[in-house]
Amino acid sequence: MNSTALPQQEQPRQGPVLDIQGLSVAFRSHHQTWTTVLEHFDLRLEQGQATAIVGESGSGKTVAALAVMGLLPGYARVEARRLQAGNLDLLTATPKARRSLLGPTLAMIFQEPRASLNPSLTVGYQLKEAMPRGSTTAAAAALLAEVGMADPRARLRAFPHELSGGMAQRVLIAMALARKPAVLFADEPTTALDVTVQAQILAQLADLQQRQRMAMVFISHDLAVVSQVARHALVLYAGAVVEEGALPELFKHPAHPYTQGLINALPGQGDLQPISGLVPSPGQWPPGCRFAPRCPRASAVCHETLPPWLTADNSRVRCHHPLRP
Amino acid sequence: MTTLVAQGLVRHFPVRGKRVVQALNGVSFAMEGAVTLAIVGESGCGKSTLGRLVSLLDQPDAGTLHLNGQRIAAPGLAKVQPQVRRAIQTVFQDPWTSLNPRLTLGAILDEPLRLMTGGMNPARRREAVMEMAGHLGFAPEQLNRYPHMFSGGQRQRIAIGRALMLHPAVLVLDEPVSALDVSIQAQILALLLRLQRDYHLLMLFISHDLAVVRHIANQVLVLYLGKVMEVGPAAMVLDQPLHPYTKALQQAAPKLRLGAEPLAPHAPLPGDPPSPLDPPRGCVFHPRCPHTIAICRTEIPQPRLLEGRQVACHRAHEWPTEKEPGESATAPGEPGGGEPDRAADA
């Protein structure tokens, strides 16, 4: 890894560590037409803030993270009014400058921990790749211990297939934290794990995030999991944020019917109320509010015009008929 | 009324070096009527192996399985009778891999009839397919569509419909909603409850999600390293667990945080389950159990009846649950007992 850190990274940060305004992402199809998968996406994170992006499959939550990381494929088009990480303007930065952000400023962990590791290299080798050049084995072991790995020295000599899913995810968390990133994107990091191991990883992430004063963007479809690690959340539906606000208030008194629908669809609280219908695919988004065809509160205006943002203290909702003022 | 009884099911898989993966080690249960037994536990505990044995996709190394009094699985039992095969059908976890991409919805629903009914006439098969498609909420013109033209939830509905075409008595569902989004998951659970009533299905529901299980199951069986830790009515096992492992599973399940409580608390169980290649001596749970005493390390706890459920723990009697006055304990495996946590007409 290139170890030239940007000089400004060393200074105390002022202002947001991540500032996204009006981000939109489109993919080019075989017919040379563009399909928009994410629109009007805003996210501003200060140092040490933990926020969550909640949404069902295809809502655009992973795309938002990949756009910031610069990991989208070549057929993607990223546009934004503002896209800044650390002190770098990602819209104008060279690929090399963007690359240098990965590690010290931006890091990411993914859903399938074992798929993210190279099966033919030891844990220690891969971990040291992520660490500053010349890091010692002792430092690698200390890093593994930091993320709660039992017997870290022995684990450094292990190959990925010798690890359980939970241990593999700890290795990836260690790799992501190796350069003390300002922002960690965690994309469904516990979805593939058992509940007992999920509880361990969530506790570890929440602890590290708070102790290291790192900003975290936790991406998940699971409202319960999100409520355990974040103090703020954005709810994404069909490529656009429909509501955002502080937790747990957002889940306690949602204003958007979709957020309420997600909560009602959670099993384990008496009567289950499914949301009828299907999430529309990108390219088939209805005009007006995209949730209108499935919404129990929809009226004529919802089908015609995109609702404006209604802003309260530290929350906002995009709905013509919100559940609360 | 359908009865399904498993007695001492054992399944060991030999691996290299004369070693053996002890996937199932003596699992018993008894069910009667249109009820749902949920099998819960962490990955590698033997949930799916048990599902495969009940589906008759695999044979036990010891133990028996009886359907309506007839022995349908035992070591060395010859070929499965076609009428038994028809009576037990399976729905798998991932609807993207369990449907043939080259068959249309109509052909997928028709296939079981074509293969297993021995010459049912095409007009009646067509009628049955149309009726099932209606039950599942598909329009007639969708019968000509292929699996890739449907969403995940629709595909899982197709898989459920296919399993019901032969009017089975038992439906085995292996993590049927794990691959689905929460709003779709709720639709599928509601459909399963409706179909269970309409078809009088005895369901075996394999899941790692206790909230889903609480919603759909009457009885719950908790597996750990191929052994039953606790089995009984869902309300008792999940709401007032006696086994430390059941308690830990319940505590580990993420809850929607609605108050001022702190973020992700400390995990209730450290580490991972031990390897089924080399299960611990004594109680298999003792290395992770917070209540281990000397006897747990040496003696295997026998299942015993306690507070309306069967539990395999040396110390289960030491932590009694609050019993509601006037409530009579239901023996595990007895029909009925333990209403799922939902309105009767969900």
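Okay, so let's go over this structure. None of the values given here were measured: they were computed from a predicted structure.

## Here's the deal with the overall build of chain A
Then step 1. Looking only at helices and strands, chain A features eleven helices and 13 strands.
Then step 2. Against the 2.2 N^0.38 benchmark of 20 Å for 325 residues, chain A shows a C-alpha radius of gyration of 20 Å, consistent with a compact globule.
Then step 3. Across its three principal axes, chain A shows a C-alpha extent of roughly 65 × 50 × 40 Å.
Then step 4. Sorting the 325 residues of chain A into buried and exposed places 55% on the buried side.
Then step 5. Long-range pairs, those at least 24 residues apart, make up 65% of the contacts in chain A with a sequence separation of at least 6.
Then step 6. Per element, the accessible surface of chain A, about 13,800 Å² overall, is 51% carbon and sulfur.
Then step 7. Counting 29 positive and 24 negative side-chain charges, chain A places the averaged centre of each group 6 Å from the other.

## Overview of the interface of chain A and chain B
One frequently used descriptor of interface size is the decrease in accessible area upon assembly of the parts.
Then step 1. With 45 residues of chain A at the contact, the number on the chain B side is 40 residues.
Then step 2. Of the roughly 3,500 Å² buried at the junction of chain A and chain B (both faces included), carbon and sulfur atoms supply 60%.
Then step 3. Per-residue buried area on chain A facing chain B is highest for A:V195, A:T196 and A:Q228; these three make up 17% of the total on that side.
Then step 4. One can count zero salt bridges joining chain A with chain B.
Then step 5. For the interface between chain A and chain B, the tally reads 13 residue pairs in polar contact (both at pLDDT 80 or more).
Then step 6. Elements with a contribution of two residues or more to the side of chain A that touches chain B: helix 7 (195–211), helix 8 (223–229), helix 9 (249–252) and helix 10 (257–264) of chain A.
Then step 7. Broken down by element, the side of chain A that touches chain B gets its largest block of residues, ten residues, from helix 7 of chain A.
Then step 8. Tallied by class, residues from the side of chain A that touches chain B come to 24 nonpolar, 14 polar and seven charged.

## Structural notes on the packing of helix 5 (residues 152–164) of chain B against helix 6 (residues 182–199) of chain B
Residue and element names in this part refer to chain B.
Then step 1. At a closest axis distance of 10 Å, the pairing of helix 5 and helix 6 adopts a crossing angle of 15°. It follows from the interaxial angle that helix 5 and helix 6 lie roughly parallel. As helix 5 runs across helix 6, the sense of the crossing is right-handed. Contact residues: G153, Q156, R157, I160 and L164 in helix 5; I184, Q187, I188, L191, L192, L195 and Y199 in helix 6.
Then step 2. When the residues that make up the contact of helix 5 with helix 6 are grouped by side-chain class, the tally is eight nonpolar, three polar and one charged.

## Description of unusual backbone geometry
Residues and elements named next belong to chain A.
Then step 1. For the bond from L247 to P248, the omega torsion is 5°, close enough to zero to count as cis.
Then step 2. Here P248 is to be found in the loop between strand 11 (240–246) and helix 9.
Then step 3. The backbone of D151 sits at a positive phi, close to 50°, despite the residue not being glycine.
Then step 4. Of note, D151 is situated in the loop between helix 4 (137–146) and helix 5 (152–156).
Then step 5. For R213, which is not a glycine, the phi torsion comes out positive at approximately 50°.

## With respect to the sheet that holds strand 9 (residues 215–220) of chain A
Residues and elements named next belong to chain A.
Then step 1. Taken in spatial order, the eight strands line up as 7-8-9-3-10-11-13-12 in an open sheet, and their pairing is mixed. Of all the strands in the sheet, just strand 7 (106–109) and strand 12 (309–311) have a single pairing partner and so form its edges. Going from strand to strand, the sheet's axes swing by 20° on average, the running direction of each strand aside.
Then step 2. In terms of strand pairing, strand 3 (residues 50–54) meets strand 10 (residues 232–237) through four bridges, oriented parallel. Its bridge partner being in strand 10, I53 is matched across the sheet by L234.
Then step 3. Here helix 10 sits on the sheet in contact with strand 10 and strand 11, set at roughly 100° to strand 10.

## Remarks on the pairing of strand 4 (residues 62–67) of chain B
Look at any regular strand and the pattern is simple: side chains alternate between the two faces of the sheet.
Residues and elements named next belong to chain B.
Then step 1. Across five bridges, the pairing between strand 1 (residues 3–15) and strand 4 is antiparallel. Looking at the pairing, Q7 lines up with T64 of strand 4.
Then step 2. As defined by bridge partners, strand 4 adjoins strand 5 (residues 70–73) across three bridges and the pair is classed as antiparallel. Paired with H66 across the strands is R71, a residue of strand 5.
Then step 3. The hairpin formed by strand 4 and strand 5 contains two residues between the paired strands, and N68 there has a positive phi angle of roughly 50°.

## A closer look at the sheet that holds strand 11 (residues 304–306) of chain B
All names here are of chain B.
Then step 1. With mixed pairing, the eight strands of this open sheet are ordered in space as 6-7-8-3-9-10-12-11. The open sheet is flanked by strand 6 (88–91) and strand 11, the only strands paired with a single partner. Averaged over neighbouring strand pairs, the angle between their axes works out to 20° when direction is ignored.
Then step 2. Sheet strands in contact with helix 1 (residues 47–54) are strand 3 (36–40), strand 6, strand 7 (170–174), strand 8 (202–206) and strand 9 (219–224), and its direction is about 155° off that of strand 8.
Then step 3. Here helix 5 sits on the sheet and contacts strand 6 and strand 7; the angle it forms with strand 6, its principal contact strand, is near 175°.

Definitions and limits used
Residues numbered from 1 in each chain as written. Chains lettered and ligands numbered in written order. Predicted model: local features only at pLDDT ≥ 70, side-chain atom pairs only at ≥ 80, totals over all residues. Heavy atoms only, no water. Helix = DSSP H or I, 4+ residues; strand = E, 2+ residues; numbered from the N terminus. Rg over C-alpha atoms; globule rule 2.2 N^0.38 Å. Buried < 20%, exposed > 50% of the residue type's maximum accessible area, 1.4 Å probe, protein only. Contact = heavy atoms within 4.5 Å. Areas by Shrake-Rupley, 256 points an atom, 1.4 Å probe, with all protein chains shown as cover. Lys, Arg positive; Asp, Glu negative; His and termini not counted. Charge placed at Lys NZ, Arg CZ, Asp CG, Glu CD. Buried area = accessible area lost by both parts, 1.4 Å probe. Salt bridge = Lys/Arg side-chain N within 4 Å of Asp/Glu carboxyl O. Polar contact = N/O pair within 3.5 Å; in protein donor to acceptor, adjacent residues only side chain to side chain. Nonpolar A, V, L, I, M, F, W, Y, C, P; charged D, E, K, R; others polar. Axes fitted to C-alpha atoms, helices over the stretch in contact; angles between N-to-C directions. Parallel < 35°, antiparallel > 145°, perpendicular 65-115°, else oblique. Left-handed = near helix turned anticlockwise from the far one by under 90°. Pairing = 2+ DSSP bridges.

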